[in-house]
Amino acid sequence: FFFLMIRRPPRSTQSRSSAASDVYKRQPYMYEHLDSIAKALNHPRVFAFLHIPVQAGNNNVLEAMVREYTVEQFEYVCDYLFEKVPNMTIATDIICGFPGETKEQFDDTLRLIEKYKLPVVNISQFYPRPGTPAAKMKRVDTKEVKQRSKALTQLFESYRCYDFLLNTEQRVWFSDKETRKNGETFLIGHNKSYVKVVHPYNEKFLGKCVIIKVTETHKWHIAGEIVNENPEPEQVQANYFGDEFVTDPIKVSEQSINNQSSSTQVSSPKSENNSTQKQPVLEEVTNLKQNVQEEPKNVVQSATVTSEVKVPSNNLSNALMIVAAVLFVAGLYLSFR
């Protein structure tokens, strides 16, 4: 039995390309929840930012990576979110030189980045991670991989994304500070779109929300002057996400019991039995409320009960350990014969 546990299971006869095709046909999980995602990102207290790593702009390369989406599906998600969420920020990742990637296929990746001009593109060169199927695939020439990474970097640095914010007022949350090599310290914050905001350090603004007027835009951040140090909090409807979300466990239990009670038919001869069965549940909810108020007392009682649990004797434990060690050695011997 122990030998069967440690023995490596036989390798699947299914080819990698077949497995990749099966995975490749699945619909991305995000497809079923785009409305909810857009709803959440539009909430005034949620950053309109999402990291969606596409990795490559060619479907054949994505299939070789066993990615569960196509380029067209990635584009649909981007187009949908850009339409439904104002000033949406999308970040992505790109792997340059995945095994088998041709120059023409990499050009598709360049066209994808050129089309959307995303403000955050994490560029990396393919590295064979030990133990993965890709590590055994024929690699693209190292010089070619570096050239592709350089070309993508040059494309990314050729455009700017934040110029449209110039002279606008932005609500900013300052949550961090940054000290540069010259010793100068700055406040670091983000606006609703999660655009980085840099401002001269002032401790009273750290952890605060302010309104700034943007006077500078750069490749990686924006800057401006504070025009309102204490803005009014944005109003959010209590049922923004709907009435179906209840966070209080006691209310959940009571609501569930009330729903069951209302759905019970009085005309049934078993109604009395049903009400009798519900009584313990109602008592359990009542006890739950009491337990919340008497938590310290219950902790002491729990400790008392735990102390009564019997622990196996040392002799029995030692015997079990010896048997396990013998089985382990026997299994190793049989597996390497």
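Residues numbered from 1 in each chain as written. Predicted model: local features only at pLDDT ≥ 70, side-chain atom pairs only at ≥ 80, totals over all residues. Heavy atoms only, no water.

Trainee: Describe the overall build of the protein, with residues and values.
Mentor: Within the protein, the secondary structure is distributed over eleven helices and eight strands. For the protein, the residues scored as buried account for 30% of the 337 residues in total. Across the protein, every contact between residues at least 6 apart in sequence was considered, and the portion connecting residues at least 24 apart equals 66%. With an accessible surface of roughly 23100 Å², the protein has 53% of that area assigned to carbon and sulfur atoms. (Helix = DSSP H or I, 4+ residues; strand = E, 2+ residues; numbered from the N terminus. Buried < 20%, exposed > 50% of the residue type's maximum accessible area, 1.4 Å probe, protein only. Contact = heavy atoms within 4.5 Å. Areas by Shrake-Rupley, 256 points an atom, 1.4 Å probe, with all protein chains shown as cover.)

Trainee: Could you give me a rundown of helix α7 (residues 142–157), with the residues and numbers involved?
Mentor: With 16 residues, α7 should cover 22 Å at 1.5 Å per step; its first-to-last C-alpha distance of 23 Å lies within 8% of that length. The inward-facing, buried residues of α7 abut β2 (89–96), α6 (103–116) and β3 (120–125). Here α7 starts with a cap whose side-chain oxygen sits 3.1 Å from the backbone nitrogen of Lys-143, and that cap is Asp-141. (Expected span 1.5 Å × (residues − 1). Polar contact = N/O pair within 3.5 Å; in protein donor to acceptor, adjacent residues only side chain to side chain.)

Trainee: Describe the environment of Gly-224, and please don't skip the residues or the numbers.
Mentor: By the secondary structure assignment, Gly-224 is in strand β8 (residues 222–228). With 57 residues separating them along the chain, Gly-224 and Asn-167 place their C-alpha atoms 8.7 Å apart. Gly-224 has contacts with His-199, Ile-212, Lys-213, Val-214 and Thr-215, leaving out every residue within four places of it along the chain.

Trainee: If you had to explain the nonpolar core to someone new, which residues and values would you point to?
Mentor: The biggest cluster of nonpolar side chains holds 50 residues, and the ones touching the most others in it are Leu-81 and Leu-152. For this core, the secondary-structure elements that each account for two or more residues are α3 (34–41), α4 (59–64), α5 (71–84), β2, α6, α7, β4 (169–179) and β7 (209–217). Beyond its immediate stretch of four places on either side in the chain, Leu-152 contacts Ile-94, Cys-96, Phe-106, Leu-110, Ile-113 and Ile-123. (Core = buried A, V, L, I, M, F, W, Y, C linked by side-chain atoms within 4.5 Å.)

Trainee: Just give me the short version of the confidence of the model for the protein, but keep the residues and values in it.
Mentor: Mean pLDDT over the protein: 79, with 68% of residues reaching 70 or higher. Note on residues 1–20: pLDDT is under 50 here. Beyond four places in sequence and across chains, it has 18 contacts. Across residues 246–250, confidence stays below pLDDT 50; counting only partners more than four residues off in sequence or on other chains, it has six contacts. (pLDDT = per-residue confidence, 0-100.)

Trainee: Can you lay out the side chain of Thr-132 for me, pointing to particular residues and giving the numbers?
Mentor: With respect to the helices and strands, Thr-132 occurs in the loop between β3 and α7. In this structure the side chain of Thr-132 is engaged in a polar contact, spanning 2.6 Å, whose partner is the backbone oxygen of Arg-129.

Trainee: Which residues make up the pairing of β7, and what values do they have?
Mentor: Of the pairings in the sheet, the one linking β4 to β7 comprises five bridges and is antiparallel in character. From the neighbouring strand, Glu-169 faces β7, where its bridge partner is Lys-213. Bridge analysis of β7 against β8 gives six bridges, and the strand direction is antiparallel. By the bridge assignment for β8, Ile-212 is matched with Ile-226. (Pairing = 2+ DSSP bridges.)

Trainee: Report on the packing of α3 against α5, specifying residues and quantitative values.
Mentor: Relative to each other, α3 and α5 sit at 40 degrees, their axes nearing to 10 Å. The angle between α3 and α5 places the two elements in the oblique class. As α3 runs across α5, the sense of the crossing is right-handed. Contacts between α3 and α5 pair Leu-34, Asp-35, Ile-37, Ala-38 and Leu-41 from the former with Tyr-76, Val-77, Tyr-80, Leu-81 and Lys-84 from the latter. When the residues that make up the contact of α3 with α5 are grouped by side-chain class, the tally is eight nonpolar, no polar and two charged. (Axes fitted to C-alpha atoms, helices over the stretch in contact; angles between N-to-C directions. Parallel < 35°, antiparallel > 145°, perpendicular 65-115°, else oblique. Left-handed = near helix turned anticlockwise from the far one by under 90°. Nonpolar A, V, L, I, M, F, W, Y, C, P; charged D, E, K, R; others polar.)

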